[in-house]
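Results of the structural survey
What follows is the residue order along each chain.
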Amino acid sequence: MGVVSVQILDCTLRDGGYINDWQLGTKAIRAILDKLDRANIDIIECGFLTGMVELPGSSLFQSIEQVNALLPKRRRNSMYVCMIAIGEKELHPSALAPYDGKGVEGIRLTFHKHEIKKAMEWAGMIMEKGYKVFMQPVGTVFYSDMELLTLIEQINLLHPYAFYIVDTLGSMYRNEVSHRFYLIDENMHPRIHIGFHAHNNLQLAFSNAQVLGKIQTKRTLILDASVYGMGRGAGNLPTELITQYIDRKIDSRYDVTMGM
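Quick look at the structure, then. (Residues numbered from 1 in each chain as written. Predicted model: local features only at pLDDT ≥ 70, side-chain atom pairs only at ≥ 80, totals over all residues. Heavy atoms only, no water.)

1. As for the overall build of the chain
Applied cut-off: Strands here are runs of E lasting at least two residues and helices are runs of H or I lasting at least four, both read from the DSSP assignment and numbered beginning at the N terminus. We compute the radius of gyration over the C-alpha atoms and compare it with the globule rule, which gives 2.2 Å times the number of residues raised to the power 0.38. Relative accessibility under 20% of the residue-type maximum defines a buried residue, over 50% an exposed one, and the middle range a partly exposed one, all with a 1.4 Å probe and only protein chains included. Note that accessible areas follow from Shrake-Rupley with a 1.4 Å probe, and for residues the cover is restricted to the protein chains shown. Counted charges follow a simple rule, with Lys and Arg positive, Asp and Glu negative, and His plus the chain ends left uncounted. By convention, charge coordinates are those of NZ in Lys, CZ in Arg, CG in Asp, or CD in Glu.
Regarding its fold elements, the chain presents 8 helices and 9 strands. Here the C-alpha atoms of the chain give a radius of gyration of 17 Å, agreeing with the 18 Å that 2.2 N^0.38 yields for 260 residues. With respect to the principal axes defined by its C-alpha atoms, the chain has extents near 45 × 40 × 30 Å. Each of the 260 residues in the chain was classed as buried or not, and the buried ones make up 56%. Accessible surface, the chain as shown: approximately 11200 Å² in total, 53% of it carbon and sulfur. Here the chain holds 27 positive side-chain charges and 28 negative ones, and the gap between their average locations is 5 Å.

2. Considerations on the pattern of salt bridges
Counted only if it meets this: We define a salt bridge as a side-chain nitrogen of Lys or Arg found within 4 Å of a carboxyl oxygen belonging to Asp or Glu.
On inspection of all chains with the given rule, the structure shows 14 salt bridges. One salt bridge in this structure joins Glu45 and Arg14, with 3.1 Å as the shortest N-O distance. One end of the pair, Glu45, is in strand β2 (residues 43-49); the other, Arg14, is in the loop between β1 (3-10) and α1 (26-38), and 31 residues separate them in sequence. The residue Glu105 makes a salt bridge to Lys132 at a minimum N-O spacing of 2.4 Å. Residue Glu105 is found in the loop between β4 (79-85) and β5 (106-111), and its partner Lys132 is found in strand β6 (residues 132-137); the two are separated by 27 residues along the sequence. The network of salt bridges with common partners includes Arg14, Asp15, Glu45, Arg108 and Asp224.

3. Points about helix α3 (residues 116-128)
Rules: In this scheme, a helix's expected span is set at 1.5 Å multiplied by one less than its residue total. Here, two residues are considered to be in contact whenever any of their heavy atoms come within 4.5 Å of each other.
Compared with an ideal rise of 1.5 Å per residue, which puts 13 residues at 18 Å, α3 spans 18 Å between its outermost C-alpha atoms and is within 8% of the ideal. Within α3, the full set of buried residues consists of Ile116, Ala119, Met120, Trp122, Ala123 and Ile126. Check the buried side of α3 and you find it contacts β4, β5, β6 and α4 (145-158). Just downstream of α3, Gly130 is the residue with a positive phi angle, here 100°.

4. Thoughts on the environment of Ser171
Mapped onto the fold, Ser171 is located in the loop between β7 (162-166) and α5 (174-187). Ser171 sits in the partly exposed class, given a relative accessible area of 30%. In contact with Ser171, not counting residues within four places along its chain, are Val141, Glu176 and Leu202.

5. Some words on a positive patch on the surface
So the rule is basically this: Two distance rules govern patches: like charges are joined within 9 Å, and nonpolar side chains (Val, Leu, Ile, Met, Phe, Trp, Tyr) within 5 Å, applied only to residues with over 30% relative accessible area and no salt bridge.
Side chains of Arg174, Lys214, Arg248 and Lys249 sit close together on the surface and give a patch of like positive charge. For Lys214, the location among the structural elements is in the loop between α6 (205-213) and β9 (217-225).

6. Points about the packing of aromatic side chains
For clarity, the cut-off: Working definition: a ring pair exists when centres of Phe, Tyr or Trp rings (six-membered ring for Trp) sit within 6.5 Å. Plane angles under 30 degrees give stacked, over 60 give edge-to-face, the rest tilted. A ring is considered to have a charge above it if a Lys NZ or an Arg CZ atom is located within 6 Å of its centre and within 35 degrees of its normal.
Inspection of the entire model under this criterion finds 6 aromatic pairs. Arranged with centres 6.3 Å apart and planes meeting at 90°, the rings of Tyr18 and Phe48 form a pair that is edge-to-face. Remark: Phe48 occurs in strand β2 and Tyr18 occurs in the loop between β1 and α1; sequence separation between them is 30 residues. Overall, the relative accessible area of 0% leaves Phe48 in the buried class. Within the aromatic cluster, the residues linked to one another by ring pairs are Tyr18, Trp22 and Phe48. Of note, Arg108 hangs over the ring of Tyr164, and the distance from its end group to the ring centre comes to 5.2 Å. A cation over an aromatic ring shows up here: Lys113 above the ring of Tyr143, its NZ or CZ 5.1 Å from the ring centre.

7. Comments concerning the layout of surface pockets
Worth spelling out the cut-off: Points on a 1 Å grid over protein atoms alone make up a cavity when a 1.4 Å probe fits among them but cannot get out, and a pocket when they form an open set with protein on both sides within 12 Å along at least five of seven lines; lining residues each have an atom within 4 Å of a point. Grid points are joined across faces, edges and corners, and a volume is the space filled by probe spheres set on the points. Any residue that is not Ala, Val, Leu, Ile, Met, Phe, Trp, Tyr, Cys, Pro, Asp, Glu, Lys or Arg is counted as polar, Gly included; the first ten are nonpolar and the last four charged.
The volume enclosed by the largest pocket comes to roughly 330 Å³. Along the walls of the largest pocket sit 22 residues, with Tyr18, Glu88, Val138, Thr168 and Arg232 positioned nearest its centre. When residues of the lining of the largest pocket are traced back to their parent elements, those giving at least two are β4 and β5. Looking at the lining of the largest pocket, its residues break down into 9 nonpolar, 9 polar and 4 charged. The computed volume of the second largest pocket comes to approximately 170 Å³. Along the wall of the second largest pocket there are 12 residues; nearest its centre are Pro56, Gly57, Ser58, Phe61 and Gln66. In terms of residue class, the lining of the second largest pocket is made up of 6 nonpolar, 5 polar and 1 charged.

8. A few points about the pairing of β2
A regular strand places its side chains so that they alternate between the two faces of the sheet. In plain terms, the rule: Strands were regarded as paired on the criterion that DSSP finds at least two bridges between them.
Burial analysis of β2 places 7 of its 7 residues in the buried class, which makes it a mostly covered element. In the sheet, β2 pairs with β4 via 4 bridges, with the strands oriented parallel. Pairing of Glu45 across the sheet is with Val81, part of β4. Pairing geometry for β2 and strand β3 (residues 60-61), over 2 bridges, is parallel. Bridged to Leu49 within β3 is Phe61.

Spelled out as C-alpha cells, the structure:
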C-alpha cells in the first residue's frame, strides 16, 4: 500500500445493529468486543450514544459508563469509540463523562450539511472532555469541491483526530473516492487522519478500500469495516476481507481466525 499507516475500524456493533434494531444481547456484545480486540483490530466502535431509552442488551447506550462496563477486563489491544449521530441518535456532549484514560477513547460525530455549525460546536465540547473526535460528513459525494474545501478549512481550525469520506449510499466509484481523497489530503492538516466509510451497494467497498490504500500519502488511513459486512442496506466492507488482505499484502498483524 502507498499509505504510511492503515488502520481498521470495526463498526459491527453500531452499523451492524441496523439489521436487528441493535438488540444483540449483553453476552454477544461482550463476546464481539473481546474477539475483535484479540484479533488486534485497531479501533472498535461499540455502538451509538443516544438519549433514547433502550432495553438492556442493546448497543444503543445512554452513557460512556454503560459502554465501559462491557469492555474486556484484561489488558486491551484496541482503541474503543462510540458514535453520536446528530439528528438521528444524539446524546448531547454535556451528558458525556470526561475521558477517564482507560475506557472509550473516541467519539465519532456524524452530521449532515445543514448541521455543520452544530457539529463543530459539539466536536469542540467533546474534545474539551478529552476524547478523540472523528468527524464524519454524511453523503460526502454530495459535497461540491468548494463545499468540501470550505469544510476542510473549519476542520483544520478544529483539528480533530480524523476526518472521513462517508459513502452513505454506497454510490461512489473509484475515481470519485480517489478525487475526494486527493482534495482532502492536499488541503487538510497532515496530522489529521483520513477515514473511509463504505457501503456496499455497488459491491465496490473492498476494491475502493484497496484503491485508497495504494495512494501515496504520509498520513494515516482508517478503513471502516464490519464482520461479514453487516450494516445498513447493502452492508459494509467485510472486516475479514480487508484484514486478510492487509495480512497478506502489507503487514501480518491481524488474527482473523480469532476475530471471526
